[in-house]
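Structural features, examined
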Amino acid sequence: MNHLVFEVGTALVLVAIGSIIANKLNFSIIPFLIVIGMLVGPHAPTIGIIDLTFIQSNEIIQFLGRIGVLFLLFYLGLEFSVGKLIKSGKNIVVGGSIYVTMNFVLGLVYGKAVGMPWMETLLIAGLLSVSSSAIVAKVLVDLRRTANPETELILGMILFDDIFLALFLTTMSGVLLAGSTSFFGISLSVLTSVAYMLLFFVIARKGAPLLNKWLNIKSDEIFIIVIFAILFFVAGFSETLHVAEAIGALLLGLVFSETEHRDRIEHLVVPFRDFFGAIFFFSFGLTIEPSTLIHAFWLSLGAVIVTLLANMVAGMIAGRKAGLSYKASTNIGLTITARGEFSIIVANLGITAGLNPILTPFTALYVLMLAILGPLFAKESKTIYKLLNKVFKWDKKLAKEKEKQKERVEVAEK
Amino acid sequence: MNIRESELPGIGYKFEIITRNKDKLVIVIHDDGRREIYHFDAEDYDEVVSSVTLSDQEARQIAGIIGGMAYKPKALETIEFAFDDLIIEWFQVEPNAPAVNQKIGELDIRNRFGVTVIAIKKKHSQKSHNPGPNTLIEAGDTLIMSGERQQIKEIISHLLSNKE
């Protein structure tokens, strides 16, 4: 125990180095932190008093990572607003539904095809369906695509995806954490989760004025203590009802998003989310034994291919339905392919519930591949579009469409 | 000019502008204060031709320049700055207007119209003067006045413009 702080400090130094390298290469830090965690894991050497296996501090690092999940989902809850989604319009709802349904159904098919039991299959389908908000937003800003016509649709679809994630996590945590196997037991725990969720929705709707008053605290010091106290308390309490603590955090975020204090809380939480979130990715890496990666390789590669196909097709349908060009629609599919934080959180839920341990290396590889491929594809979207264009002859279709439009206008003029 | 606004969750706010010349311009205001201006290909609205990134301060300065606060285009007769009800307006005195060759004090502008002449740009010297009651108004001078919109309208139609 003597070197506990030193060990955690060393871990943080590694996290910091990983982040700096990722930033230098203009990359999302998520895959870097996982890889670094994996490399130092339980097999790393001990150099003098520097113990890179983090055995003594493992529990603390895992705990800090757990806090990271709380902040990640709390923030997600704050950001996500049903009002925003309604305002965003039909295209996004249509596009988002197509996207989620396609990914989820294909995920189910894939899970069953590789011979997974039902619970694992459901979890795999879930984690294949949620794209990484962090990576996608970063890619859009870095590639200077924020002005493009498809950007709103992409961000809207991600928002939709996030809502799906919330619903999925809530029901799944009901299914998995209660530990019952009978149909009745499972339905009961799912109902508990859903009722719990509805309760928070009601609080968000009806309790906002009261919360506004209570949270009207001038001192930042006291404000932060109150917010974090509620966050940890609610998250912990949720666990006692067999609702994952992360869901508690998410639902609480949702409640706060309806209050006037939303921006203040958001502002305050961001540094904590970034810091503890980084530790979470690192600690996830620590739990992976590099030797298990080989067993999961083909499984992950298959999932990556399924995701790429599902994303391309869904992006194309959503884009065309929203009246975007083929080029812009290709961009959608290529940009939202990135997977990251949320997929890991879904997998984590499965691990906590004691599902097949292959999920950990599977998710790690899956996320690593797509966290690298996603931004790469987005960057090379022009080349990919040209290649696809040769196959599908979109140019000709487009020319035909234009001609038809012209004819229509001419007829109308006559 | 056609402006479409939309929110970019997690990034900021976006303004899409199609000008009368069919140029497409997109301005993105990031949550961190950064501004980006994109100019799109007039033939293909999907294709960005050029873009500029500005800091918050730069953006404000450039807004001022484009808005004509730093340099007034000569072709324009009037510029307005509004502070709620109070506006400041430039107006060039027309030839043969009733106020030409009269002194500010003689015209009793403040009492009659409730308008204050805060500066005069003389046509010949191109310098601004801090006007007093004895300042003579000549044709071609630019008066910078402050007052309510209606009052300024009145003084312009009664004294400063050529009625014929």
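Everything quoted here is computed from the prediction, not taken from an experiment.

A word on the overall build of chain B
Check the secondary structure of chain B and you find four helices and twelve strands. Residue pairs in contact within chain B that sit at least 24 positions apart in sequence constitute 41% of those at least 6 positions apart.

Structural notes on helix H8 (residues 151-177) of chain A
With 27 residues, H8 of chain A extends 37 Å from end C-alpha to end C-alpha; this agrees with the ideal 39 Å at 1.5 Å per step. For H8 of chain A, a buried count of 25 out of 27 residues is recorded, marking the element as mostly surrounded by other parts of the structure.

Describing the nonpolar core
Residues Ile34, Leu73, Phe74, Phe256 and Phe282 of chain A are the most contacted members of the largest nonpolar core, which totals 131 residues. Those residues within four positions of Phe256 of chain A in sequence are excluded, and the remaining contacts are Phe74, Leu78, Leu211, Leu215, Ile227, Ile230, Arg262 and Ile265 of chain A.

Brief notes about the confidence of the model for chain B
Looking at chain B as a whole, the pLDDT averages 82, with 87% of positions reaching at least 70. Note on the complex model: pTM 0.75, ipTM 0.71.

Considerations on the packing of helix H3 (residues 58-79) of chain A against helix H13 (residues 262-286) of chain A
Packed helices, taken two at a time, are described by the angle between their axes plus the distance between the axes. Residue and element names in this part refer to chain A. Running from N to C, H3 and H13 cross one another at 140°; their axes reach a closest spacing of 6 Å. Taken together, the axes of H3 and H13 lie oblique to each other. Our pair here, H3 against H13, has a crossing hand that is left-handed. Here the residues of the contact of H3 with H13 sort into 19 nonpolar, six polar and four charged.

Description of H3 of chain A
Over its 22 residues, H3 of chain A runs 32 Å from end to end, which matches the ideal 32 Å to within 8%, given 1.5 Å per residue. Counting buried residues along H3 of chain A, 16 of its 22 residues qualify, which places the element largely inside the surrounding structure.

Quick notes on the interface of chain A and chain B
Contact with chain A, which involves 19 residues of that partner, is made by 25 residues of chain B. For the pair chain A and chain B, the summed buried area comes to about 1600 Å², and 49% of that belongs to carbon and sulfur atoms. Viewed at the interface, chain B and chain A are joined by six salt bridges. Arg144 of chain A serves as the salt-bridge partner of Glu36 of chain B, at 3.9 Å between the closest nitrogen and oxygen. Remark: the boundary between chain A and chain B carries twelve residue pairs in polar contact (both at pLDDT 80 or more). Those elements that provide at least two residues to the side of chain A that touches chain B are helix H4 (82-88), helix H7 (133-142), H8 and helix H15 (326-335) of chain A. Of the residues assigned to the side of chain A that touches chain B, the class counts are seven nonpolar, four polar and eight charged.

About the criteria used
The residue numbering used here restarts from 1 in each chain and proceeds along that chain's sequence as written. Whichever chain is written first is A, and whichever ligand is written first is 1; the rest continue in order. A pLDDT threshold of at least 70 governs which residues receive local features in this predicted model, and a stricter bar of 80 or more applies before side-chain atom pairs are shown or counted, although totals over entire chains, interfaces and linings include all residues. Processing note: side-chain calculations cover all non-hydrogen atoms of the structure and skip hydrogens and water entirely. For the purposes of this entry, the term helix denotes a DSSP run of H or I that reaches at least four residues, the term strand denotes a run of E that reaches at least two, and both are numbered from the N terminus. Contacts are residue-level and defined by heavy atoms, with any inter-residue pair within 4.5 Å sufficient. Here, expected helix span is obtained from the residue count minus one, scaled by 1.5 Å. The rule is simple: take the accessible area with a 1.4 Å probe, protein chains only, and divide by the maximum for that residue type; under 20% is buried, over 50% is exposed, in between is partly exposed. Residues grouped as a nonpolar core are buried Ala, Val, Leu, Ile, Met, Phe, Trp, Tyr and Cys residues, joined through side-chain atoms within 4.5 Å. Confidence scores per residue from the predictor, reported as pLDDT, run from 0 to 100. Only the contacting stretch of a helix is used when fitting its axis, a line to C-alpha atoms as for every element, and angles between N-to-C directions run 0 to 180 degrees. For classification purposes, angles smaller than 35 degrees are called roughly parallel, those larger than 145 roughly antiparallel, those between 65 and 115 roughly perpendicular, and all remaining angles oblique. Crossing chirality is assigned from the near helix's rotation relative to the far helix, an anticlockwise turn below a right angle marking it left-handed and a clockwise turn marking it right-handed. Side-chain classes are defined by residue name, with Ala, Val, Leu, Ile, Met, Phe, Trp, Tyr, Cys and Pro counting as nonpolar, Asp, Glu, Lys and Arg as charged, and the others, Gly among them, as polar. As used here, buried area is the combined drop in accessible area, with a 1.4 Å probe, of two parts when they are placed together. One speaks of a salt bridge when a side-chain nitrogen belonging to Lys or Arg is within 4 Å of a carboxyl oxygen belonging to Asp or Glu. N or O atoms within 3.5 Å of each other form a polar contact, as long as, within protein, one can give a hydrogen and the other can take it, and as long as residues adjacent in sequence are counted only when both atoms are side-chain atoms.

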